[in-house]
Structure formats: C-alpha cells, structure tokens
Amino acid sequence: MENTLLIGLSRQMTLERQMDVIANNVANVSTNGFKADRSLFQEYLMPTAREDNFAAGRDRRLSHVMDRATFKDFAQGSPDQTKNPLDVAIKGDGMFVVQTPAGERYTRDGGFQIDNQGQLVTANGFPVLGNNGPIRFQQTDKQIQIASDGNITVLEGTNRIDSVRAKLRIVNFTQPQRLKKEGSNLFSLGKGNAAQADTKSTVAQGFIERSNVNSVLEMTRLIEVNRMYTHIASMLQQQHDLHRTAIDKLADVPA
C-alpha cells in the first residue's frame, strides 16, 4: 500500500477513536459527577519513504498519526443546589467510596438515598462507606445534617441533641489518571494506583455536582471531527481514482 494511503488511513483511525470519545462525553452530559475523556495524539515518524528520491533528508520521513492515549478530565463540574438533604457535592479532588460486589469503587456522584434497611446508598443501590463501614440510619432518625468535613448527624427520636451516625469516607489517589471507568458512574483503582484519605476536600449538603462536559463545545468537536474524516475519505478516493486512471492508460500502451 502506498505512503499516501497509509498516512490517510492512520489519521482516519485516530479520528474514529476521537469520535467515539466525544460521543461518549455527549451521551453523559446529564450524568451527575461525570468526568469527560480527552484524546491524546502523537506524531509517528517513519525513517524513510518507500521511494527514496527526495533531495532533503527531512523530506524522506513520513509523518503518521498515532492514537497515543485517552486521559480523564477531572475538572470540577458545576454545583447545582437541590436542597435535598441526601445530595452531597464534593469541593476538591476527592471521591466517595462505595461498596460493590466487586469490591470498593469510587464516584463523584453524590445523589444518595436511604434503602429499606436504613443504609445510605447510591442511585444504583451500592452502600456508601463511612470511615467505619456502611452508613446506617435508624427509623426514628430525622433532620439529617452533613457537615463540610463529612460528619453526619441526626436528631434521634424526641431528642434535641444531635447524634453522630458516621463520617463520609472521602479519598484521593496517588495516580488519578490510572483510575478506570467501570460503568454506573464508578471508578476502580487501576494498576499501580492507591487510595488515601483526603483531608483537603470538603462537601456541601443539598448540592449535586453536574457533569463537567460542555455540550456546546463537544458538539462542535464532533462536527469538526466528522468533517475532517469525510475530507480525508474524499482525498483517498481521489488518490485511488488517480491510480486507476494511470493503470488504464498504461494498459493502452502498445507492447
């Protein structure tokens, strides 16, 4: 396959991957606490062209496009006041810890609920963990208050004195970019990563963190990538037509 086709194909492959990433961001524009993904590309230089008849050494190199990686954008999403006492937004880099059948997982989605057993759970029913395990409430608890440091207090029964129920466990990570998205708005640690107690982040009760995806910007990127993909496809088709025309003319040359 000739150099022009190889270079065009390498760019199309990276554009297809970028389109998938952008489409996933757009699909999660309304997902609480969602963190957008970004594509990272790198130039890949091949040492020489197939037809090495260029005068300058720099002209002999072929510049391909390589899909280097996808990284996570951990920028803070905008806080939205809901006045729901079980909605909690984190201010800082920390994440909530939840218990799943596969082990501990992490999320920025603080839209919590209380299940039939009195446990504080996520929208998907996973128990939210405090410093001493799952957080549980009693049937007589009322006026749940969550302080900025994560301490949860209630008025128990007819008492007028706050009773402490738990403290939200909030962690950060030694290698945030190694976190792996697992669906259901959850992250797992990933290889070579570790969770540690976050002492700098604070929480705000009655608020929810929205997705950090800018829908207008992402749609603009999607249109741009689609146009570029179409343009390269047209260029490759023109190159193919040129080769076919050349072959047809050569076939007409007398032997």
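Residues numbered from 1 in each chain as written. Predicted model: local features only at pLDDT ≥ 70, side-chain atom pairs only at ≥ 80, totals over all residues. Heavy atoms only, no water.

Asker: Even after reading the chapter, I still don't get the pattern of salt bridges, so can you show me in this structure?
Answerer: Pairing between side chains of opposite charge can happen when their charged atoms approach one another. With the rule as written, the count across this model stands at eleven salt bridges. Between Arg 169 and Glu 104 there is a salt bridge; the shortest N-O distance is 2.9 Å. One end of the pair, Arg 169, is in the loop between strand S13 (162-167) and strand S14 (170-173); the other, Glu 104, is in strand S6 (residues 103-107), with 65 residues separating them in the sequence. Of the residues examined, Arg 169 reaches a relative accessible area of 24% and is grouped as partly exposed. In this structure, Glu 182 and Arg 105 form a salt bridge, with 2.7 Å as the shortest nitrogen-oxygen distance. Placement of Glu 182 in the loop between strand S15 (180-181) and strand S16 (187-188) and of Arg 105 in strand S6 is noted, with a sequence separation of 77 residues between them. On the basis of relative accessible area, Glu 182 is assigned to the partly exposed category, the value being 43%. Arg 105 gets classed as buried once you look at its relative accessible area, which sits at 13%. (Salt bridge = Lys/Arg side-chain N within 4 Å of Asp/Glu carboxyl O. Helix = DSSP H or I, 4+ residues; strand = E, 2+ residues; numbered from the N terminus. Buried < 20%, exposed > 50% of the residue type's maximum accessible area, 1.4 Å probe, protein only.)

Asker: Please clarify how the pairing of S14 should be interpreted in this entry.
Answerer: The two faces of a sheet get side chains in turn, since along a regular strand they alternate between them. Both strand S5 (residues 95-100) and S14 contribute to a ladder of two bridges, which runs antiparallel. Bridge pairing in S14 links Met 95 to Val 171. Here S14 pairs with strand S17 (residues 195-197) via three bridges, running antiparallel. In the strand pairing of S17, Phe 173 is matched with Ala 195. (Pairing = 2+ DSSP bridges.)

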